[in-house]
Amino acid sequence: MAHTDAPASAPTATGLTAAEVAERVARGQVNDVPVRSSRSIGEIVRANVFTRFNAIIGVLWLVMLAVAPIQDGLFGFVILANTGIGIVQEWRAKKTLDSLAVVGESRPTVRRDGTAVQVATSALVLDDLIEIGPGDKVAVDGVCVEADGLEIDESLLTGEADAVVKRPGDQVMSGSFVVAGGGAFRATKVGREAYAAQLAEEASRFTLVHSELRSGISTILKYVTWMMVPAAIGLVITQLFVKNNDLKGSIARTVGGIVPMVPEGLVLLTSVAFAIGVIRLGRRQCLVQELPAIEGLARVDTVCLDKTGTLTEGGMDVTGLRTLDGYDEPYVRRVLGALGESDPRPNASLRAIIEAYPDAEEWRCTESLPFSSARKYSGASFSEGDGESGTWLLGAPDVLLADGHPALAETERLNEQGLRVLLLARAARDLDDPEPARGARPAALVVLDQRLRPDAADTLRYFAEQDVHAKVISGDNAVSVGAVAAKLGLDGRAVDARRLPAEPQDMGRALDEGTVFGRVTPQQKRDMVGALQARGLTYGEPSGTVTRAGSHYFGGLAERPATSQIEIRASWTPRESLGGAPEAGAHLMAWSDLLAQVAGLPPAGPGDASVVTLPQRRGPQSR
């Protein structure tokens, strides 16, 4: 099989030598970003030990142990129970997340001394020559050196779903994924200087979940503390001068009199209730980093969802084949099967065609033209086994068809329904012609649809029943996003975010009116989350109800800064595309179907299990 597209540059670079690598390691030019999936053990212990409740009961306990036998100080053991519940739960979560961080680490291929070797991501150094191919994650920032039809998905960084064609000299950003072609790039920024590392660091600052239960208890304890001082003085005086008890007995009786002022049972029952919630979620394959996240999840009133990878799965499906110009459908199916087999690096659309139409073994590819986003089509020449030969093109109808062709109107109608349409055409020219598409004869329209998550519709319905508002916020075209939302039963008009007002109050009103938002930039996603929260505060809901728009946002690296201001944060990494540590700032994690676990629905099946750390990170296979 011959390819008419030669590589944009010949793969002659040999990479760094061992001595050059050692020199850069000595200078500290290493990709040594620490992987932190949770708080440290010391932070967990300090957070659970040094609390107002423990301080009050702890002081009284020590006083009681100093003046009375240990059986009189049994009340102090509630500290051990209350503290132990929190420490053990967070330690278990940390242990699991740290294990996932190791398992999910990718090993990029680098050229050193002219040989391609796999190394740990942390072993990359400045100026390393890193090879990439379909499905590979770009680990550090760099400059493209070699490209053979190289196309990179930067949607995790920019929110744009369309792949970007890379040529030698183009910038390559960490956090993106290769969706087609192959090549190599030279690392120009490693460690904390890399773009994705900076985004992750900004979003991964661990913040405690806001718990109104714990805040309320803390307020009660604050006032109890002030009331205990005069009560203790009065009791001591009474025991010493009225009851004529000795000093130790007076102190012991005073402690026994003021301990009931502390709501020990309320504190312990709150922790126990949280722990029971953690256990129940654990049975649904969910992991909770912090106990109060249970309460925070219950208070959510707005869920912000991305489209790609959250409402939809990574792949596409062929939903229709409409022949044109008298072509026979069985023949068209054989052509499509042969075209799928001819491309060694198929994109998502071609993979769907490969699944729908098996290869015709008697057809032999004699020449091929890989797909290019700049060209908008691919092609191949075949020997059909019966002595006939032909050249076929597959790509965008508006590129392969002349203006005014009737098939363009049909294509536009299908696009308005959120469907993707490709045109199969028989070329009148050879593939090495400067304009191989000129004069091509249309043969069929191939209709593709994004694969919806099987649990998405039920989950959105569950949210509606619970009065939780769902907002779809995506970088894709608003019409396409709206069509997907409509299929899932989500009502509301689609809004182009480029037309949203910049003022937070005006934006908040627009968010109340709309449900689906397309062409949203990463900065807008942050502003939209802030506007939702501000709307909640403006209404001044009383304590005990939802006082803020507690928004979940499931998105990629581009959304991580936005998630840093959300009430309950979470992150998702599919099992088949574990590309790094779980979200350090996430409060909830789960294993199995993302949306179904939030809604309490049963998983679709054992084969659908995935690792969820409730903003979603899309892996290389999710496209």
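All values reported here derive from a predicted model rather than from experimental measurement.

A few points about the packing of aromatic side chains
Okay, so step 1: Under the counting rule described, the total for this entry stands at six aromatic pairs.
Okay, so step 2: Relative to W363, the ring of Y331 has its centre 5.8 Å away and its plane inclined at 55°; by these criteria the two rings are tilted. Of this pair, Y331 sits in helix α12 (residues 329-342) while W363 sits in the loop between α13 (348-356) and β11 (364-372); the two residues are 32 residues apart in sequence, bridging distant segments of the chain.
Okay, so step 3: Between Y462 and F463 the ring centres are 6.2 Å apart and the planes differ by 55°, which places this aromatic pair in the tilted class.
Okay, so step 4: A relative accessible area of 28% places Y462 in the partly exposed class.
Okay, so step 5: Given the relative accessible area of 5%, F463 is considered buried.
Okay, so step 6: Pairwise contacts between aromatic rings join Y327, Y331, W363, F382 and W392 into one cluster.

Quick word on unusual backbone geometry
Okay, so step 1: One non-glycine residue, D325, adopts positive backbone phi at about 55°.
Okay, so step 2: Its location among the elements puts D325 in the loop between β10 (312-323) and α12.
Okay, so step 3: Classification of D325 by relative accessible area gives partly exposed; the value is 48%.
Okay, so step 4: One non-glycine residue, D467, adopts positive backbone phi at about 60°.
Okay, so step 5: Note that D467 resides in the loop between α16 (456-465) and β16 (469-473).
Okay, so step 6: For D467, a relative accessible area of 62% translates into the label exposed.

Overview of the packing of helix α3 (residues 52-67) against helix α7 (residues 212-242)
Okay, so step 1: Running from amino to carboxyl end, α3 crosses α7 at an angle of 30°, the nearest separation of the two axes being 9 Å. Note that α3 runs across α7; the crossing there is left-handed. Contacts between α3 and α7 involve R52, F53, I56 and L60 on the former and, on the latter, S218, L221, K222, T225 and M228.
Okay, so step 2: Here the contact of α3 with α7 is built from residues that sort into five nonpolar, two polar and two charged.

Considerations on helix α15 (residues 406-416)
Okay, so step 1: Residues A407, L408, T411 and L414 constitute the buried set of α15. Looking straight down α15, one finds that the buried residues subtend no more than 120° of arc, so they occupy a single side. The outward face of α15, more than 90 degrees from its buried face, is lined by the exposed residues P406, A409 and E412.
Okay, so step 2: Phi turns positive one or two residues past the end of α15, at G418, with a value near 80°.

So, how was this worked out
Residues numbered from 1 in each chain as written. Predicted model: local features only at pLDDT ≥ 70, side-chain atom pairs only at ≥ 80, totals over all residues. Heavy atoms only, no water. Phe/Tyr/Trp six-rings, centres within 6.5 Å; stacked < 30°, edge-to-face > 60°. Helix = DSSP H or I, 4+ residues; strand = E, 2+ residues; numbered from the N terminus. Buried < 20%, exposed > 50% of the residue type's maximum accessible area, 1.4 Å probe, protein only. Axes fitted to C-alpha atoms, helices over the stretch in contact; angles between N-to-C directions. Left-handed = near helix turned anticlockwise from the far one by under 90°. Contact = heavy atoms within 4.5 Å. Nonpolar A, V, L, I, M, F, W, Y, C, P; charged D, E, K, R; others polar. Arc of directions from axis to C-beta.

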